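Architecture and fold: a report
Listed here are the chains, written in short residue letters.
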Amino acid sequence: MTRVMTLISRRRDMMVILGMAIMLLSLLVPGFLSVKETRISETFPVALGSFSNVGLSLLLVASFAVLFLSYAGFSFLMGLVGGIAPVFGFFLAGRHAASIASKAGPFARVSPSTGLWVLLLAGYIVVFAARRRLKDRKIISSLLVLVPIGLFLLLLGSGHLKDLAIMKEYANRSNRFLEETVRHLVIAGGAVLAGVLIGVPLGIVANRSPKIERPVFAVVNFIQTIPSIALFGLLIAPLSYLSRSVPFLREIGITGVGWAPAMIALVLYSLLPIVRNTYSSLKVIPTDTVEAARAMGMSRIQVLGKVEIPISLPVVLAGVRTAAVQAVGNTTMAALIGAGGLGVFVFQGLGQAAMDLVLLGALPIVALALIVDSLMQLLIGILTPKGLISEGAND
C-alpha cells in the first residue's frame, strides 16, 4: 500500500513539474500574440518580451511559485497560481493589443497565439494536479476552476480585452452570441434533464432485474459507439416522415432538422453514464443495510427513497456530471443540422478561414464545460453524506 501511495505521489509531482515546464516554455515561444494587417492576411508573431518585460518576469516567478507551493504542500495555492497565470496572460494581451495593432496598420488585428495557448495548457495541468490532490475536498477543489473563470469574466466585462480580434468578432455579433449561448444551454440542459428522467429509472430497473440489465446496457453501450454527427443524420429521415404524417408534431417544431433531432441524440448519449452510475451505486449498497431497513417495516419504495437513493446519490450525480459535460460539447455539432448553439460560430469561422470567429464559439464551449463540471462537483461535495466522505478518506 505504501509503495502504491509513493507511486501516486510521484506521478502528481511529475504533473506539477510538467505544468511548470510548459509554463516556462510558453514564455520562450516567439509568438505570445500574433498580429495581421487585415482579418485574412498573413500572421506575424509577437513575443511577450517585446512588449512587456514586467509581465514576462511575473509569469516567470509564477512558474517557480507553482513548484515551491507544490513541495511545500500548499496544493490549493498552487492550483490557484496555476489557474490565475493564464488570466494574467490575457490581461497582458488586452493591455498591449491596441499599441501592437497601431504599428501594423489601421485595420490590424491582434490575436492570442501559441505562447498564450501553451500558458493556458500549463495552467490547466497545474489546476488538474491540484484538484487530484484535493479530490476528497470537492468544494475547495471546484473553486480552483470557478475562481479563475470568474476573474476572466470580470476581465471580459471590464472591456479590457476589447482590442483583441476575438472581441471585435463578438462586437459584430453580440446579440446573436447571447441568443446562441442561451440556445446552447437550453439544448444541453434539456437533454441532460430528460436523460436523468429516463436513465435513473432504467438503472434502478436494471439493478432489480438481471433479465432487463443485459438489453438495457446493450442498447446504451451501442448508442455510445455511434459518432454524434452520424446519429444526428440518422434521425433526420424518421423525424421528417413523422412531421409530414402528424401535422401536430410539425406545429410544435419537431422536424427532420432543428432542435428535435439534436435533443433526441443528446438524450440518447446521456443515458450510458447515468444508467451505469445508477446501476453501480445501487449494486454496491451492502445487503445488510437493505435487510435492516426492511426489518424495520419499510416497504420497497420506502427503502429505495430513504436508504438506497440517499446513499447512491453522489455516484448518480457523478454520472449526471459526465453526461452534462458531454452534452455541452456534443451540442456544438447540433449547429450542422440547424439547431443553433455556439457551434454556429465554430462552423462559420471554419468556412470563412477566420480563426477568431472559430474561437468565439469554441472558447465559451470549453468554459461552459469547465463551469458545469465544477458546479456539479460542488453539488456532489455538498450532498455527499459526511459518513461517506469519512469512509472514503479512510479507504
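These remarks concern the structure in this document. (Residues numbered from 1 in each chain as written. Predicted model: local features only at pLDDT ≥ 70, side-chain atom pairs only at ≥ 80, totals over all residues. Heavy atoms only, no water.)

Comments concerning the pairing of strand E1 (residues 33–36)
Of the two faces of E1, both are covered, the one formed by Leu33 and Val35 as well as the one formed by Ser34 and Lys36. Two strands pair when backbone bridges link them, and E1 and strand E2 (residues 43–46) are joined in this way by 4 bridges, in the antiparallel orientation. If you follow Val35 over to E2, its bridge partner there is Phe44. Between the antiparallel neighbours E1 and E2 lie 6 residues. Across 4 bridges, the pairing between E1 and strand E3 (residues 109–112) is antiparallel. The residue bridging Val35 from the neighbouring strand is Val110, located in E3. (Buried < 20%, exposed > 50% of the residue type's maximum accessible area, 1.4 Å probe, protein only. Helix = DSSP H or I, 4+ residues; strand = E, 2+ residues; numbered from the N terminus. Pairing = 2+ DSSP bridges.)

A look at the environment of Phe222
Here Phe222 lies in helix H8 (residues 210–225). Along the sequence, Phe222 and Ile301 sit 79 residues apart, while their C-alpha atoms lie 31 Å from each other.

With respect to the sheet that holds E2
Ordered by their spatial adjacency, 3 strands build an open sheet running E2-E1-E3, and the pairing between neighbours is antiparallel. A strand with exactly one partner marks an edge of an open sheet, and here the two such strands are E2 and E3. Neighbouring strand axes in the sheet, compared pairwise and without regard to direction, differ in orientation by 30° on average. (Axes fitted to C-alpha atoms, helices over the stretch in contact; angles between N-to-C directions.)

Quick word on the pattern of salt bridges
In total, this model carries 8 salt bridges according to the counting rule given. Linking Arg131 and Asp373 is a salt bridge whose minimum nitrogen-to-oxygen distance equals 3.5 Å. Taken together, the residues Arg131 in helix H4 (residues 114–133) and Asp373 in helix H15 (residues 355–383) connect sequence positions 242 residues apart. The same class applies to Arg131 as to Asp373, namely buried. One salt-bridge network, in which partners are shared between bridges, spans Arg176, Glu179, Glu180 and Arg183. (Salt bridge = Lys/Arg side-chain N within 4 Å of Asp/Glu carboxyl O.)

Quick look at the packing of H4 against H15
The packing of two helices is summarised by the inter-axis angle and the distance between the axes. At a closest axis distance of 15 Å, the pairing of H4 and H15 adopts a crossing angle of 10°. Classed by the angle they form, the pair H4 and H15 counts as roughly parallel. Seen from H4, the contacting residues are Trp117, Tyr124 and Arg131; seen from H15, they are Leu359, Leu363, Leu370, Asp373, Ser374 and Gln377. Looking at the contact of H4 with H15 residue by residue, the classes come out as 5 nonpolar, 2 polar and 2 charged. (Parallel < 35°, antiparallel > 145°, perpendicular 65-115°, else oblique. Contact = heavy atoms within 4.5 Å. Nonpolar A, V, L, I, M, F, W, Y, C, P; charged D, E, K, R; others polar.)

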